[in-house]
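Each chain is listed here by its residues.
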Amino acid sequence: MRVEHLNCAIMRSPFVGPLPAHALLIHTDEGLVLVDTGYGTADYADPKRRLGPVRALLRPEKDERHTALRQLEAAGYSAADVTHVVLTHLDLDHAGGLSDFPAATVHTTAAEHQAALVAPDFQDKNRYRRQQFEHGPTFFLHDGPGDGWAHGLTGHEVVPGVTLVPMPGHSKGHAAVAVEADGRGLLLHAGDALFDGTSAAIPGVDKKPFLRAFEQVVGDDRAKVKQNHATLARLTGEGVMVIPAHDQQVWESVAPFVLGA
Ligand SMILES: [Zn+2]
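What counts as what
Residues numbered from 1 in each chain as written. Predicted model: local features only at pLDDT ≥ 70, side-chain atom pairs only at ≥ 80, totals over all residues. Heavy atoms only, no water. Helix = DSSP H or I, 4+ residues; strand = E, 2+ residues; numbered from the N terminus. Rg over C-alpha atoms; globule rule 2.2 N^0.38 Å. Buried < 20%, exposed > 50% of the residue type's maximum accessible area, 1.4 Å probe, protein only. Contact = heavy atoms within 4.5 Å. Areas by Shrake-Rupley, 256 points an atom, 1.4 Å probe, with all protein chains shown as cover. Lys, Arg positive; Asp, Glu negative; His and termini not counted. Charge placed at Lys NZ, Arg CZ, Asp CG, Glu CD. Donors = N, O, S within 2.8 Å, 3.2 Å for Na, K, Ca; no water. Tetrahedral: all angles 85-135°; square planar, octahedral: opposite > 155°, others 65-115°. Axes fitted to C-alpha atoms, helices over the stretch in contact; angles between N-to-C directions. Parallel < 35°, antiparallel > 145°, perpendicular 65-115°, else oblique. Left-handed = near helix turned anticlockwise from the far one by under 90°. Nonpolar A, V, L, I, M, F, W, Y, C, P; charged D, E, K, R; others polar. Pairing = 2+ DSSP bridges.

1. Side note on the overall build of the protein
Helix and strand counts for the protein come out as ten helices and twelve strands. Relative to a compact globule of 261 residues, whose C-alpha radius of gyration would be 18 Å, the protein shows 16 Å and is just as compact. Here the C-alpha coordinates of the protein stretch approximately 45 × 40 × 35 Å along the principal axes. Out of the 261 residues in the protein, the part that is buried amounts to 56%. Counting contacts in the protein only where the partners sit at least 6 residues apart, residues at least 24 apart contribute 62% of the total. Summing over all exposed atoms, the protein offers an accessible surface of approximately 10,800 Å²; the carbon and sulfur share of this is 54%. Of the side-chain charges in the protein, 23 are positive and 32 negative, and the distance between the mean point of each set is 9 Å.

2. A look at the coordination of the zinc ion
Here the zinc ion is held by the protein donor atoms Asp-93 (OD), His-94 (NE2), Asp-192 (OD) and His-246 (NE2), which lie 2.1 to 2.3 Å from it. Every donor counted, the four donor atoms about the zinc ion form angles of 84 to 162° at the centre, which fits irregular coordination. Considered as a linear motif, the donors of the zinc ion on their single chain read D-H-x97-D-x53-H. With Asp-93 in helix H5 (residues 92–95) and His-246 in the loop between strand E12 (241–244) and helix H10 (248–253), this pair connects stretches of sequence that are 153 residues apart. There is no split in this pair, since Asp-93 and His-246 are both buried.

3. Some points on helix H6 (residues 110–118)
Taken together, the buried positions of H6 are Ala-110, Glu-112, His-113, Ala-115, Ala-116 and Leu-117. Buried positions along H6 lie against strand E5 (105–109), helix H7 (122–127) and strand E6 (138–142).

4. Some remarks on the packing of helix H8 (residues 209–218) against helix H9 (residues 222–237)
Packing of H8 against H9 brings their axes to within 9 Å, and their N-to-C directions diverge by 135°. Viewed along their axes, H8 and H9 adopt a mutual orientation that is oblique. By crossing handedness, the relation of H8 to H9 is classed as right-handed. Listed contacts from H9 to Glu-215, Gln-216 and Val-217 of H8 are Arg-222, Val-225 and His-229. Across the contact of H8 with H9, the residue classes tally to two nonpolar, two polar and two charged.

5. So, the sheet that holds strand E3 (residues 31–35)
The mixed open sheet is built from six strands, whose spatial order is E1-E2-E3-E4-E5-E6. With partners counted over all chains shown, the strands left at the sheet margins are strand E1 (2–11) and E6, one partner each. Adjacent strand axes in the sheet meet at a mean angle of 25°, parallel and antiparallel pairs treated alike. By the bridge criterion, eight bridges tie E1 to strand E2 (residues 19–28) in an arrangement that is antiparallel. When the sheet's bridge partners are listed, Glu-4 is paired in E2 with Leu-25.

Laid out in structure tokens, this is it:
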């Protein structure tokens, strides 16, 4: 399948910025599939209400052209062309764009949906932004670890060639998303299971101590975060192209495959 890359935000966060919000656009027989959405047009129209106080820490550049929707439109597509959105998790910098694709089926794990929207604990009440889900997305929830997949992992096939691979740790129901890409083998969008690419031994990137520290602070379960890094490093060694959501150098390395390039 043809896979293109989008950066759906530029976050000017102190010490760790600029951070991209790396998303994927996959051309499938069932229409366009978007992996993560970054922020949406509604987030930029009303950041105070949609993003809350944490926007002061993340500092996304207020520019609608960064949204997945506007980038798709610039490339000649419309919101209706996106039939499925697959989310690594429901944090505000990954799910904010959902309201720009109201007709799409939204795939996430049942555990993430539960933690964010059904029965959030004290911490998660402050973490997720309910305002980003007010439009009532059509969720397809994937429960449990899924079926045996590849590389010793399990997952849920969303459409042929696109698999949601549960990888909790950063959040309670976080998952990675695997895609079989034409001519490039297996890509794994690791979402926020990986902040600094060097934690998964991705070649050609520098160690980012502040980003690593930030990852520890915002992670739900540090032991699982560490375990995920080991798994992802193993996958890198086995030839999988692992993609973190927020590593600027990894983002720059995919330049030839950027949407509209
Ligand atoms: Zn994130």
